[in-house]
Amino acid sequence: MALTKAQMRNKVLRILGRLPENQIAQAWESDIVEDTIDQVQAFLEAEELAFWETSAIPDCVAQGYSRYVAGQVAPELMGAEQAVQYVGLSDLGMRAIRRFCATADGPVTAVYY
């Protein structure tokens, strides 16, 4: 089963401790996180890592994706002192995404500059 953008938004807000269980996210926080999800999706597509839509984020990549988004959005949602502990999640998330999207023994294209 895949996650929707709204489910991913809530997952990110829970990681950041901004959304208690069984609560509804505040509108301004939802807007910021959803904009960040769109930006992350565009980045992953440009990097040729994302082959899914934000309406159907695969479960296998959901943990890494949510960590990456949380690390990106933390400075916007909280003060610098609080955000510092979450910014490192971006690196962990990107590693998980790359590991999921890696193909074994695939052709490698050499690019010379």
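These numbers were taken from a predicted model, which means no experiment stands behind them.

## Examining the nonpolar core
Then step 1. Ranked by size, the top nonpolar core spans 32 residues in total, and within it Met8, Val12, Leu16, Leu44, Trp52, Tyr65 and Ile97 carry the most contacts.
Then step 2. Of all the secondary structure elements, the ones that give two or more residues to this core are α1 (5-15), α2 (27-46), α3 (59-77), α4 (80-87) and α5 (89-101).
Then step 3. Counting residues per element, this core draws most heavily on α3, at 9 residues.
Then step 4. Residue contacts for Met8: discarding those within four places in its chain leaves Leu3, Ile37, Ile57, Ala62, Tyr65 and Ser66.

## Considerations on the packing of aromatic side chains
Then step 1. Following the criterion strictly, the structure yields 4 aromatic pairs and no others.
Then step 2. Note on Phe51 and Phe100: the rings are 6.2 Å apart at their centroids and 20° apart in plane angle, and the pair reads as stacked. Placement of the pair is Phe51 in the loop between α2 and β2 (57-58) and Phe100 in helix α5, with a sequence separation of 49 residues.
Then step 3. Between Trp52 and Tyr65, the ring centres sit 6.3 Å apart and the planes meet at 65°, which makes this aromatic pair edge-to-face. A residue pair is termed long-range when its members are at least 10 positions apart, and Trp52 in the loop between α2 and β2 and Tyr65 in helix α3 qualify at 13 residues. Both residues of the pair, Trp52 and Tyr65, belong to the buried class.
Then step 4. Ring pairing ties together the aromatic residues Phe51, Trp52, Tyr65 and Phe100, which thus form one cluster.

## Remarks on α3
Then step 1. Taking 1.5 Å as the rise per residue, α3 with 19 residues should run 27 Å; its terminal C-alpha atoms sit 25 Å apart, in good agreement.
Then step 2. A maximum bend of about 30° is found in α3 at Gly71, where proline Pro75 lies one to four positions downstream.
Then step 3. Those residues of α3 lying buried are Val61, Ala62, Gly64, Tyr65, Ser66, Tyr68, Val69, Ala70, Gly71, Val73, Ala74 and Leu77.
Then step 4. Buried residues belonging to α3 abut β1 (2-3), α1, α2, β2, α4 and α5.

## Here's the deal with the environment of Trp28
Then step 1. Looking at where Trp28 falls in the secondary structure, it is placed in helix α2.
Then step 2. It is 18 Å that separates the C-alpha atoms of Trp28 and Ala80, two residues lying 52 residues apart in sequence.
Then step 3. Non-local contacts of Trp28, meaning those with residues more than four positions away in its chain, are made with Arg18 and Leu77.
Then step 4. Among the polar contacts made by the side chain of Trp28, one reaches the side chain of Gln26 at a distance of 2.6 Å.

## Brief notes about unusual backbone geometry
Then step 1. One non-glycine residue, Asn22, adopts positive backbone phi at about 60°.
Then step 2. Phi is positive for Glu48, which is not a glycine, with a value near 60°.
Then step 3. As for its placement among the helices and strands, Glu48 is situated in the loop between α2 and β2.

## Section: the pattern of salt bridges
Then step 1. In the structure shown here, the tally under the stated rule is 5 salt bridges.
Then step 2. Its salt-bridge partner being Arg18, residue Glu29 comes within 2.8 Å of it at the nearest N-O pair. With Glu29 in helix α2 and Arg18 in the loop between α1 and α2, the pair connects residues that are 11 residues apart, well separated along the chain.
Then step 3. Here Glu29 falls in the buried class, since its relative accessible area comes to 3%.
Then step 4. Relative accessible area serves as the criterion here: at 26%, Arg18 is assigned to the partly exposed category.

Rules behind the numbers
Residues numbered from 1 in each chain as written. Predicted model: local features only at pLDDT ≥ 70, side-chain atom pairs only at ≥ 80, totals over all residues. Heavy atoms only, no water. Core = buried A, V, L, I, M, F, W, Y, C linked by side-chain atoms within 4.5 Å. Buried < 20%, exposed > 50% of the residue type's maximum accessible area, 1.4 Å probe, protein only. Helix = DSSP H or I, 4+ residues; strand = E, 2+ residues; numbered from the N terminus. Contact = heavy atoms within 4.5 Å. Phe/Tyr/Trp six-rings, centres within 6.5 Å; stacked < 30°, edge-to-face > 60°. Expected span 1.5 Å × (residues − 1). Bend = angle between axes of the 7 residues up to and from the residue. Polar contact = N/O pair within 3.5 Å; in protein donor to acceptor, adjacent residues only side chain to side chain. Salt bridge = Lys/Arg side-chain N within 4 Å of Asp/Glu carboxyl O.

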